Amino acid sequence: MNKLGVFFTCFNEIEATRMSLNYLKMQYPEIAIYLVCESDLSCKFLEREIPNLITHQVEDTQSSVLKLTFGDYTKPQQQADIKKALLAVVDRLTKAIEYAQSDYILMLDPDAIVRGQLTIPENAGLLGCRGNTHVGAIQKLNDVLVKHGGVPMAAWGATPAIFNTKDFLRAKEILLNTPNLVDELCQSFYWAFAHDILLGSMFSLIGKEEEMNPDIVQCEWNPNWHQTNCPLLHQFKQYYPKRTKKYHAEQ
């Protein structure tokens, strides 16, 4: 069993993805990486460049839900889209665990850079930055989680995330096998499908709240990030394509 494996998710940020993977491999040359790409741009060529990397072209489940708000997310079609996106994340993370065969998964996207060795405290469950709160949303979310035996979430930010794979699989069983739970989560918050909110919710169900990861520095929140020794950068978008919208590159 390996200590750490990687789940990497991207859209059309090919150059940023390549840069992030190369930085990662400088620190962890042998690490297994499971990459999913939701755009029509193939990342398959990266398998020839990056050892122990497997890539998958998957359905775009995000574009239809990214712009939802409290005003429109409860309609039947939007609820179906949120649920589809949520279940896709759970399925992809499960496959990443099967591929990596590791105690922990590091979940990355193209604006995350690993520039040093990471510290994972013994018995850690879910590590993130805990930088996001939304009073109205989190109350509705917590009502559902507590109803089904979970602990309340105070904040979320598990992107990039490090999580215990056994804990994840235990939480997955509760999530998928508790009647109406997935539907109630989708009805509670229009971003219930988002990786960081979903992971926080799942770990809540097994009594573990997201813990602060001191290894992370947020580049957009900390203008002096380059002067820190934090080994895990987030919000580093120097190599992102120019966009007119979040998921649409300029032509």
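First, a word on scope: everything that follows refers to the structure included in this document. (Residues numbered from 1 in each chain as written. Predicted model: local features only at pLDDT ≥ 70, side-chain atom pairs only at ≥ 80, totals over all residues. Heavy atoms only, no water.)

## Some points on the packing of helix α3 (residues 76–100) against helix α7 (residues 195–205)
Two packed helices can be described by the angle between their axes and the distance between those axes.
Link 1 in the chain: Two elements in contact, α3 and α7, have axes whose closest approach is 11 Å; the angle formed by their N-to-C orientations is 75°. Put simply, α3 runs roughly perpendicular to α7. Here Leu86, Val89, Val90 and Leu93 of α3 lie close against α7, whose contacting residues are His195, Leu198, Leu199 and Met202.
Link 2 in the chain: Looking at the contact of α3 with α7 residue by residue, the classes come out as 7 nonpolar, 1 polar and no charged. (Axes fitted to C-alpha atoms, helices over the stretch in contact; angles between N-to-C directions. Helix = DSSP H or I, 4+ residues; strand = E, 2+ residues; numbered from the N terminus. Parallel < 35°, antiparallel > 145°, perpendicular 65-115°, else oblique. Contact = heavy atoms within 4.5 Å. Nonpolar A, V, L, I, M, F, W, Y, C, P; charged D, E, K, R; others polar.)

## Observations concerning unusual backbone geometry
Link 1 in the chain: Of note, the amide linkage connecting Thr159 to Pro160 takes the cis form, showing an omega dihedral of -5°.
Link 2 in the chain: The residue Pro160 is located in the loop between α4 (135–147) and β7 (161–164) in this model.
Link 3 in the chain: Even without being a glycine, Asn52 presents a positive backbone phi close to 60°.
Link 4 in the chain: Structurally, the position occupied by Asn52 is in the loop between α2 (46–49) and β3 (53–57).
Link 5 in the chain: Residue Asn52 is classed as partly exposed on the basis of its relative accessible area, which comes to 36%.
Link 6 in the chain: The phi torsion at Asn123 lies on the positive side, around 70°, for a residue other than glycine.
Link 7 in the chain: We classify Asn123 as exposed; its relative accessible area is 63%. (Buried < 20%, exposed > 50% of the residue type's maximum accessible area, 1.4 Å probe, protein only.)

## Concerning the environment of Ala154
Link 1 in the chain: Within the secondary structure, Ala154 is located in the loop between α4 and β7.
Link 2 in the chain: According to the relative accessible area criterion, Ala154 is partly exposed, its value standing at 46%.
Link 3 in the chain: Sequence separation of Ala154 and Asn132 is 22 residues, and the distance between their C-alpha atoms is 9.0 Å.
Link 4 in the chain: Apart from the residues within four sequence positions on either side, Ala154 is in contact with Arg130, Thr133, Ile138 and Glu209.

## Comments concerning the sheet that holds strand β8 (residues 211–212)
Link 1 in the chain: In space, the 7 strands of this open sheet follow the order β3-β2-β1-β4-β7-β6-β8, with mixed pairing throughout. At either margin of the open sheet sits one strand with a lone partner, and together these are β3 and β8.
Link 2 in the chain: Examined bridge by bridge, strand β6 (residues 126–128) and β7 share 2 bridges and lie antiparallel to one another. Across the sheet, Leu127 pairs through a bridge with Ile162, a residue of β7. (Pairing = 2+ DSSP bridges.)

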